[in-house]
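Single-letter residue listing:
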Amino acid sequence: MPEIEKNETQGRYFPAEIEPKWQARWDADPALYAAEPHSSGKPKFYCLEMLPYPSGQLHIGHVRNYAIGDALARFMWMRGYNVLHPMGWDAFGLPAENAALKNNTPPREWTLKNIAQMKVQMRKLGLSYDWAGTEVTTCLPDYYRWNQWFFLKMVEKGLAYRKSSKVNWCPDCATVLANEQVVGGCCWRHEDTIVEQRELEQWFLRITKYADELLDGLDKMPGWPEKVRTMQRNWIGRSEGAHVDFRVAAMANTPAITVFTTRVDTIFGATSIQLAPEHPLVKEWVKTDAALAASVDEMIAQQKAARETGDIGAIEKHGVSTGKHAVNPFNGEMLPIWVANYILADYGTGAIMSVPAHDERDFEFATKYGLHIQRVIAPNLDTDELPLPYTGEEEAVLIDSGEWTGEACLEAQDKMASFAEEHGFGKKTTTYRLKDWGVSRQRYWGTPIPMIYCPEHGVVPVPEKDLPVLLPEKIEITQEGGSPLGKVPEFVNTTCPICGGPARRETDTMDTFVDSSWYFYRYTDAKNSTAPFDSEKANYWFPIDQYIGGVEHAILHLIYSRFWTKVMRDLGLVKNDEPAERLFTQGMVIKDGAKMSKSKGNVVSPDDMISRYGTDATRMYALFAAPPDRDLEWQEEGVAGVSRFVARVYRLTSKFAPVVVQVESGAHGDEIANVAFAAQTPAGEKLIRTLHQTIAKITEDFSGRWHFNTCIAAIMILVNEIQSAEAAMDSGEISPATIAEIFKTLVLLLAPFAPFVAAELWEQMGGTGVLFRQPWPVADAELARESEIEIPVQINGKLVVVVKIAADSDEEAMKAAAMSEEKVTTRVEGKTIVKTIVVKGKMVNLVVK
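For clarity, every value in this text was computed on a predicted model and none was experimentally measured. (Residues numbered from 1 in each chain as written. Predicted model: local features only at pLDDT ≥ 70, side-chain atom pairs only at ≥ 80, totals over all residues. Heavy atoms only, no water.)

Considerations on the overall build of the protein
Working step 1: Across its full length, the protein holds 28 helices and 34 strands.
Working step 2: By principal-axis analysis of the C-alpha atoms, the protein measures approximately 105 × 90 × 50 Å.
Working step 3: When burial is assessed residue by residue, the protein has 54% of its 849 residues classed as buried.
Working step 4: Within the structure as shown, the protein displays about 36800 Å² of accessible surface, and the carbon and sulfur contribution to it stands at 50%.
Working step 5: The average position of the 89 basic charges and that of the 114 acidic charges among the side chains of the protein differ by 2 Å. (Helix = DSSP H or I, 4+ residues; strand = E, 2+ residues; numbered from the N terminus. Buried < 20%, exposed > 50% of the residue type's maximum accessible area, 1.4 Å probe, protein only. Areas by Shrake-Rupley, 256 points an atom, 1.4 Å probe, with all protein chains shown as cover. Lys, Arg positive; Asp, Glu negative; His and termini not counted. Charge placed at Lys NZ, Arg CZ, Asp CG, Glu CD.)

Below is the structure:
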């Protein structure tokens, strides 16, 4: 073995010197992380983390998300894949306007400054993004012109339309919110701000056209977490049932009350009709009934208060009789019409038939107000001992239900819905909780909606040749008086594309979730000035192989992007039905018992951690402290511990780097491996075995569970064994070829997790070429197999001793090893061994008496 030279600083780890050195080298090569041509012959892998809003500073939560994706991208490069790993900026949005108000800084200036700051932080983290080839910034015209282009295409296809509607209004945002942006009755951005209802003219995207496909597609997406798919199923909320019309008695000119029910089989048990306080009929009746008006006003106030608490379903139920009746079309019975505070005008038809014997909510209301309760379904025709409410369905039959008595519930539902349809008072119906996506926002910092209002020709689309409709840069932003764009005459005033006469532009901007609904397609062709992207390029890369982001986007970004993909498919732009093959939702980073966020004042800056411990230690801790799908409790002392581990790796590898260099100078690649595996000493065998066990462990985890914490733990175990064998390496007991194989492979295994120190050590060992383009090591199952194993020996099922045996021992050898143990022979002495049970490689059990 060559003599290892020593100097004062040899083996000392200085991340503040190593990391800037390598980052400068990487920055000098803009194509370093670029994907290869489609003709490369390599399998493709599109690795993507959700793009951030440019708030100005990353926090450790970002680091965790990006470190996961970066480790995966580097691993896939080393596995021989053609990897696309892009990044961009979700750059429109409310915070930029708020900053403009607070700091008198134009939103564009504030946003681009923040992007520059965050990009510096991302580079410092060593993230492997192809900035030069793929970067997308959604607030720039070269991107948002295609938002406008898509909008025009949707107008052409009838997927974008304008209507007057009751909409969600956030007083703090001073704008409309989509249903998906209302959480517990409050704004998704302002968690304590109650969302109001306002009647406004708005633009909508017809997402409901794709409701069935969005729902059914979830069953074909095994690579998405079940939690996300369940959230989307519940949000789409498909219900199969029937609409039934109840005529209002003695009021010939009054429209019938239409209810939707999934249990038309229970209609003979309906004992009242209940209307929402804001139902159109109630609005008419209160005009001539002061007492009813007072009760209805009180119930509207109760609903508003319940929304403020975030759980209207838990409202204390109150109601009032209108004194009017409706006719049950199935049996002609007169049902009292009530107004109830737990019925919502914007849910279903705003009216229900109340069946208290078979619905818990209806039972509670009927019991409170003394309404009649009529049983009409039961497990069998004998109902004497049936506790109420009884809500069975699959096992139940109808009773006291006219000609349908004795029918099974499920069969009766279909027959009774058909009966209603045949007789003109109902029809089979499928309803959805999902509503069309309202995309109009009364804000400045967003994509202008490309529509024009002409007195002569009405609503006219902006011609495609005139795109983009540019945002004016000099504008006064207030939160009063509607959209800020409406106060800019040079923006508002335009001419009609049809007649050339005076016209005005739409002054609302698009919901910023439009920007993030298709950005990942633009990454495939980010510089295209004639189309959103080239379809051939998109079809090569899509679907995304691995998408990484937070579960909080399940019913916002993730459902909108699925819709957008289906629209683009139907426009002939892409072939895929879904945007991503696999989705991974990482856990949150917790500090001081709460999710890390600026509003809670518990944000940890990665810059602080990097300055103290280095980037590699910061990244590795974010991956090591918890499985990536679990919440991580941030502990700075944990970063310090990982930093000490990295320093140990650096010391050991630097010390033996000259050995690797010398071995490499005489042999290469497989030659080193072959020599390393030949004629090993026990110490060398043990190291090689642990090495291959570690390769197998990390490879398996990258391919399946993604438990990067156990990957890093496996590397730590390997390093502990290397350190334990240091004296054997110094003395020559372990061969130079084995030393070279151990340290070269160690650095390759470390490369996805700690790219800076791995690159430095690779160079010290004489390695050439880009480290993350080197082949990933392959585990040899034979070399990874333990030479000895421990097996338990039992007597009558109770553990007596654990013995070591050769891993390939047959059953006879296992029995012999068990019987050679003194503890065993002592306990069986004088007894009869009735049976010996041997499970090869697992255990020996002696049955004695």
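Considerations on the nonpolar core
Working step 1: One finds Trp437, Phe520, Tyr547, Trp564, Trp634, Phe743 and Phe753 to be the most contacted residues of the largest nonpolar core, which totals 190 residues.
Working step 2: Considering every element that reaches this core, the biggest residue donor is helix α19 (residues 636-666), with 13 residues.
Working step 3: Judged by nonpolar contacts, the second largest core, of 41 residues, contains Ile267, Met299, Ala326 and Phe330. (Core = buried A, V, L, I, M, F, W, Y, C linked by side-chain atoms within 4.5 Å.)

Thoughts on the environment of Glu135
Working step 1: Tracing the chain through its elements places Glu135 in the loop between α5 (131-134) and β4 (136-137).
Working step 2: For the pair Glu135 and Lys527, spaced 392 residues apart in sequence, the C-alpha to C-alpha distance is 9.1 Å.
Working step 3: Ignoring any residue separated from it by four or fewer positions in sequence, one finds Glu135 in contact with Met87, Trp89, Ile115, Lys119, Asp130 and Ala526.
Working step 4: Of note is the side chain of Glu135, whose polar atom sits 2.8 Å from the side chain of Lys119. (Contact = heavy atoms within 4.5 Å. Polar contact = N/O pair within 3.5 Å; in protein donor to acceptor, adjacent residues only side chain to side chain.)

Structural notes on the sheet that holds strand β27 (residues 583-585)
Working step 1: What the 4 strands build is an open sheet, ordered β2-β1-β26-β27; its pairing is parallel. Bordering the open sheet on either side are β2 (82-84) and β27, each of which pairs with just one other strand. The mean inter-strand angle of the sheet, taken between neighbouring strand axes irrespective of direction, is 20°.
Working step 2: Two elements, strand β1 (residues 44-49) and β2, share 3 bridges in a ladder whose sense is parallel. Of the residues in β2, the one forming a bridge with Tyr46 is Leu84. (Pairing = 2+ DSSP bridges. Axes fitted to C-alpha atoms, helices over the stretch in contact; angles between N-to-C directions.)

Observations regarding the side chain of Thr447
Working step 1: With respect to the element layout, Thr447 can be found in the loop between β20 (440-441) and β21 (451-454).
Working step 2: On the basis of relative accessible area, Thr447 is assigned to the buried category, the value being 1%.
Working step 3: A distance of 2.9 Å separates the side chain of Thr447 from the side chain of Asn147, its partner in a polar contact.
Working step 4: What Thr447 contacts, discounting residues up to four positions off in sequence, is Phe92, Tyr144, Asn147, Gln148, Thr509, Met510 and Asp515.

Quick word on the pairing of strand β9 (residues 196-205)
Working step 1: In terms of strand pairing, strand β5 (residues 160-170) meets β9 through 10 bridges, oriented antiparallel. Paired with Ser164 across the strands is Glu201, a residue of β9.
Working step 2: Across 2 bridges, β9 lies against strand β19 (residues 437-438) in antiparallel orientation. Bridge assignment links Phe204 to a residue of β19, and that residue is Gly438.

A short note on helix α12 (residues 409-422)
Working step 1: Taking 1.5 Å per residue as the helical rise, α12 with its 14 residues ought to reach 20 Å, and the 20 Å between its terminal C-alpha atoms agrees with that figure.
Working step 2: Considered for burial, the residues of α12 that qualify are Cys409, Ala412, Gln413, Met416, Ala417, Phe419 and Ala420. Summarising the axial view, the buried residues of α12 lie within an arc of 155°, below the 170-degree limit, and thus occupy one face.
Working step 3: Elements in contact with the buried residues of α12: β10 (239-248), β16 (377-378), β17 (397-398) and β18 (426-431).
Working step 4: In the segment just after α12, Gly424 is the residue with positive phi, at about 80°. (Expected span 1.5 Å × (residues − 1). Arc of directions from axis to C-beta.)

Some words on helix α25 (residues 755-764)
Working step 1: Counting buried residues along α25, 8 of its 10 residues qualify, which places the element largely inside the surrounding structure.
Working step 2: Residues of α25 that are buried in the fold lie against α1 (15-27), α2 (60-78), α4 (107-124), α18 (615-624), α19 and α24 (736-750).

So, the pairing of strand β15 (residues 351-354)
Working step 1: The alternating pattern of β15 places Ala351 and Met353 on one face and Ile352 and Ser354 on the opposite face, and all of these are buried.
Working step 2: Pairing geometry for strand β12 (residues 272-275) and β15, over 4 bridges, is antiparallel. Bridging across to β15, Leu275 finds its partner in Ala351.

Observations concerning the packing of aromatic side chains
Working step 1: Inspection of the entire model under this criterion finds 57 aromatic pairs.
Working step 2: Geometrically, the ring pair formed by Phe92 and Trp445 is edge-to-face, given 4.9 Å between the ring centres and 85° between the ring planes. Taken together, the residues Phe92 in the loop between β3 (88-89) and α3 (94-103) and Trp445 in the loop between β20 and β21 connect sequence positions 353 residues apart.
Working step 3: The exposure class of Phe92 is buried, given its relative accessible area of 1%.
Working step 4: Owing to a relative accessible area of 4%, Trp445 belongs among the buried residues under this scheme.
Working step 5: Measuring from centroid to centroid gives 6.3 Å for Trp437 and Phe563, while their planes differ by 75°, and the two rings are edge-to-face. Separated by 126 residues along the polypeptide, Trp437 in strand β19 and Phe563 in helix α16 (residues 557-570) bring together distant segments of the chain.
Working step 6: On the basis of relative accessibility, which here comes to 0%, the residue Trp437 falls in the buried class.
Working step 7: A residue is classified by how much of its surface remains accessible, and Phe563, at 0% relative accessible area, is buried.
Working step 8: Put simply, the rings of Tyr143, Trp146, Trp149, Phe150, Tyr210, Trp437, Phe513, Trp518, Tyr560, Phe563 and Trp564 pair up and form one aromatic cluster.
Working step 9: Positioned over the ring face of Trp26 is Arg74, at 5.8 Å from the centre of the ring.
Working step 10: In this structure, Arg505 is placed above the aromatic ring of Phe491, and the distance from its NZ or CZ to the ring centre is 5.9 Å. (Phe/Tyr/Trp six-rings, centres within 6.5 Å; stacked < 30°, edge-to-face > 60°. Lys NZ or Arg CZ within 6 Å of the ring centre and 35° of its normal.)

As for the side chain of Thr507
Working step 1: By the element assignment, Thr507 lies in the loop between β24 (502-505) and β25 (509-510).
Working step 2: For Thr507, a relative accessible area of 17% corresponds to the buried category.

Thoughts on the sheet that holds strand β34 (residues 843-848)
Working step 1: Strands sit in the order β32-β31-β34-β33 across an open sheet of 4 strands; the sheet is mixed. Looking at the sheet topology across the chains shown, the edges are occupied by β32 (798-806) and β33 (833-839). Across the sheet, the axes of successive neighbouring strands diverge by a mean angle of 20°, strand direction being ignored.
Working step 2: Bridge count for strand β31 (residues 788-795) against β34 is 3 bridges, and the pairing is parallel. The partner of Gln794 across the bridge, within β34, is Asn845.

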